[in-house]
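Breakdown of the fold
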Amino acid sequence: MSIFIDTADIEQAKAAKELGWIHGITTNPILMANSGSSAADTVQQLTDLNTGLLFYQLTATCREEMLKEAQLAKEIAGEQLVLKIPPTKQGFHIIQHLPQEIPCCVTAIYSSAQAMVARESGVRYIAVYVSRATKLIGDGLSLITEISRVIQGGKTQILAASLKSSMEASSTILAGADHLTMPFDVISTLTFNEHSEGAVNNFNANGSGLQL
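Residues numbered from 1 in each chain as written. Predicted model: local features only at pLDDT ≥ 70, side-chain atom pairs only at ≥ 80, totals over all residues. Heavy atoms only, no water.

**Quick notes on the environment of Arg-132**
Relative to the assigned elements, Arg-132 resides in helix α7 (residues 130–137). Owing to a relative accessible area of 43%, Arg-132 belongs among the partly exposed residues under this scheme. Considered as a pair, Arg-132 and Ala-161 are 29 residues apart in the sequence and their alpha carbons are 8.9 Å apart. Other than its neighbours up to four places away in sequence, Arg-132 contacts Tyr-110 and Ser-162. (Helix = DSSP H or I, 4+ residues; strand = E, 2+ residues; numbered from the N terminus. Buried < 20%, exposed > 50% of the residue type's maximum accessible area, 1.4 Å probe, protein only. Contact = heavy atoms within 4.5 Å.)

**Thoughts on the nonpolar core**
Within soluble globular proteins, side chains that are nonpolar tend to cluster in buried spots. Counting 53 residues, the largest nonpolar core has Leu-83, Ile-126 and Ile-147 as the members making the most contacts within it. For this core, the leading source of residues is helix α4 (residues 63–77), giving 5 residues. When residues no more than four places from it in sequence are discounted, the contact partners of Ile-126 are Cys-105, Val-106, Ile-109, Ala-115, Ala-118, Ile-147, Ile-151, Thr-156, Gln-157, Ile-158 and Leu-159. Counting 7 residues, the second largest nonpolar core, distinct from the first, contains Phe-4, Phe-55, Val-82 and Tyr-125. (Core = buried A, V, L, I, M, F, W, Y, C linked by side-chain atoms within 4.5 Å.)

**Some details on the sheet that holds strand β5 (residues 104–109)**
A barrel is described by the order of its strands in space; here 8 strands give the closed sequence β1-β2-β3-β4-β5-β6-β7-β8, paired in parallel fashion. Across this sheet, the average inter-strand angle for adjacent strands is 30°, counted without regard to direction. With 2 bridges joining them, strand β1 (residues 3–6) and strand β2 (residues 24–26) adopt parallel strand pairing. Within β2, the residue paired with Ile-5 across the bridge is Ile-25. (Pairing = 2+ DSSP bridges. Axes fitted to C-alpha atoms, helices over the stretch in contact; angles between N-to-C directions.)

**A few points about the state of the cysteines**
Inspection of the entire model under this criterion finds 0 disulfides. Here Cys-104 stays free of any disulfide, with the sulfur of Cys-105 as its closest cysteine sulfur at 8.8 Å. Looking at Cys-104, the relative accessible area reads 7%, which means it is buried. (Disulfide = S-S within 2.5 Å.)

**Thoughts on the pairing of strand β7 (residues 157–161)**
For β7, the tally of buried residues reaches 4 of 5 residues, placing the bulk of the element in the interior. Strand direction decides the pairing type here: strand β6 (residues 125–129) and β7, joined by 5 bridges, are parallel. Paired with Tyr-125 across the two strands is Gln-157, which belongs to β7. Pairing geometry for β7 and strand β8 (residues 179–182), over 2 bridges, is parallel. Counted as the bridge partner of Ala-160 is Leu-180 from β8.

Below, the structure is given as structure tokens:
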């Protein structure tokens, strides 16, 4: 399992890297638009952080432009790049024409049928929007479980996104997700538990240790 930060904000990405247990960065076109820099500059800055894998989503819609955009992303991000592909007819079609050395993630998956096609296309990841799926179709966690069964035995892995709380994040792993991506505010809650805080406060108040 890997935990990624979902951001295109450089300062957030730096703070996440300093935690020591974040394995990369996922972005999307809206996050890129809100980054305050051009997409090329943002991708370069995120790459320079060397946090791990860097997910970049194609915005072009025709075959030739998608291939050019993919090549440009590869030139900037190098071995860190994972290319996010929209689950459209053209998106699924373009996967077979991309260079084999570029791992792909079909994003915004909302059905097991789409997941099945993604698996047969040989992609490394599929991104499933858990909280958003709950709002739109009823139960994002059940969708994760259903998809995990559909892709079982293949090399495709589930990257769960649209996670709104630490409980939803852990429940998603239990439901069958392989990896998680979250915004920084949710990541910041993962290590906190009020009972743990109480136990530590008790140790500090009533215990003893080496004298410094």
